[in-house]
Amino acid sequence: MNFNDMLKKKKKENSETPENTVEITNENNPGDEQEVAQQEETTEVTISAEDKLKDELSQATDKYLRLYAEFDNFRRRTVKEREEARKTEGKELIVALLPVLDDFERALRATENATEVAPVREGVILIQNKLKNILTQKGLKEMQSIGTEFNADIHEAITSIPAPTDDMKGKVIDEMEKGYELNERVVRFAKVIVGA
């Protein structure tokens, strides 16, 4: 119920006494117009503030949804790229090793008619050196274990035997399997025999 409705209601109640009506009209008329104008301005300000906040909220929600969709697309694209990279991550090494495989096939064909072992041995040594060079270029490095102190971080003790001399106690006497590092990280522990 607004102010005008209240005024009309009051006029109907006071219509029996014209004096009161005149007094009310005279007393309240100038102030009533100002109050009504102030109420309308306040309502307009409140409505416009509400509309402004709703507009800001809808813009923020839209911005959030766009950002979320963009992030979701980025995540999916990254996952797909990782899967593709995993499928082909060894490709460079395999391509580098293919000539070694070809050399082994040639060596096997050469052994079919070979009567002497020495030339075959030389060919196998050449292939081994070629393989080692390729792996070294890719970051693989042999660990030198014999004669060094036993280190559980890089060695795996198979057994221990009595040391031939006192200075070989606690050191690696023999190596059953070589250890390897790839870019300064151990990829295979050396299997060793330790002097006791």
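Residues numbered from 1 in each chain as written. Predicted model: local features only at pLDDT ≥ 70, side-chain atom pairs only at ≥ 80, totals over all residues. Heavy atoms only, no water.

J.: Can you lay out the overall build of the chain for me, pointing to particular residues and giving the numbers?
T.: A count of helices and strands for the chain gives four helices and six strands. Along its sequence from the N terminus, the chain presents helices and strands in the succession α-α-α-α-β-β-β-β-β-β. Total accessible area on the chain stands at roughly 16,100 Å², and carbon and sulfur atoms take up 54% of it. (Helix = DSSP H or I, 4+ residues; strand = E, 2+ residues; numbered from the N terminus. Areas by Shrake-Rupley, 256 points an atom, 1.4 Å probe, with all protein chains shown as cover.)

J.: So what's going on with unusual backbone geometry? Residues and values would help.
T.: Look at N183: it is not a glycine, yet its phi comes out positive at around 50 degrees. Judged by its relative accessible area of 54%, N183 is exposed. Despite not being glycine, E184 shows a phi value in the positive range, around 70 degrees. Following the sequence through the fold, E184 ends up in the loop between β4 (180-182) and β5 (185-188). Judged by its relative accessible area of 66%, E184 falls in the exposed class. (Buried < 20%, exposed > 50% of the residue type's maximum accessible area, 1.4 Å probe, protein only.)

J.: Kindly report on helix α4 (residues 117-137), identifying the contributing residues and their values.
T.: Taking 1.5 Å per residue, 21 residues should reach 30 Å; α4 reaches 30 Å between its end C-alpha atoms and fits that length. Trailing α4 by a residue or two, G139 shows a phi angle of about 105 degrees, which is positive. (Expected span 1.5 Å × (residues − 1).)

J.: Residues and numbers for the sheet that holds β4, please.
T.: In spatial order, the strands read β1-β4-β5; together these three strands make up an open sheet with antiparallel pairing. Of all the strands in the sheet, just β1 (140-142) and β5 have a single pairing partner and so form its edges. Here the strands of the sheet are splayed against their neighbours by 40 degrees on average, with no regard to which way each runs. Sheet analysis places β4 next to β5, joined by three bridges and oriented antiparallel. Its bridge partner being in β5, E181 is matched across the sheet by V186. (Pairing = 2+ DSSP bridges. Axes fitted to C-alpha atoms, helices over the stretch in contact; angles between N-to-C directions.)

J.: With reference to specific residues and values, describe the packing of aromatic side chains.
T.: Evaluation of the coordinates by the stated rule reveals two aromatic pairs. Relative to F74, the ring of F71 has its centre 6.5 Å away and its plane inclined at 40 degrees; by these criteria the two rings are tilted. With F71 and F74 both in helix α2 (residues 18-87), this residue pair falls three residues apart, about one helical turn. (Phe/Tyr/Trp six-rings, centres within 6.5 Å; stacked < 30°, edge-to-face > 60°.)

J.: Residues and numbers for helix α3 (residues 91-112), please.
T.: With 22 residues, α3 extends 32 Å between its outermost C-alpha atoms, agreeing within 8% with the 32 Å of an ideal straight helix rising 1.5 Å per residue. Every buried residue of α3 is listed here: V100, D103 and A107.

J.: Could you give an account of the sheet that holds strand β6 (residues 190-195), with specific residues and numbers?
T.: If you walk across this open sheet you meet the three strands as β2-β6-β3, and the pairing is mixed. Looking along the sheet, the strands with just one partner apiece sit at the ends: β2 (155-161) and β3 (172-177). Direction aside, neighbouring strands of the sheet carry axes that sit 30 degrees apart on average. In terms of strand pairing, β3 meets β6 through four bridges, oriented antiparallel. Across the sheet, the residue bridging to D174 is I193, located in β6.

J.: I'd like to hear about the packing of α3 against α4, residue by residue, with values.
T.: Contact geometry for α3 and α4: axes closest at 10 Å, N-to-C directions at 175 degrees. Taken together, the axes of α3 and α4 lie roughly antiparallel to each other. Residues L93, A96, L97, P99, V100, D103, F104, A107 and T111 of α3 touch α4, and the partners they reach there are V120, I127, K130, L131, I134 and L135. (Parallel < 35°, antiparallel > 145°, perpendicular 65-115°, else oblique. Contact = heavy atoms within 4.5 Å.)

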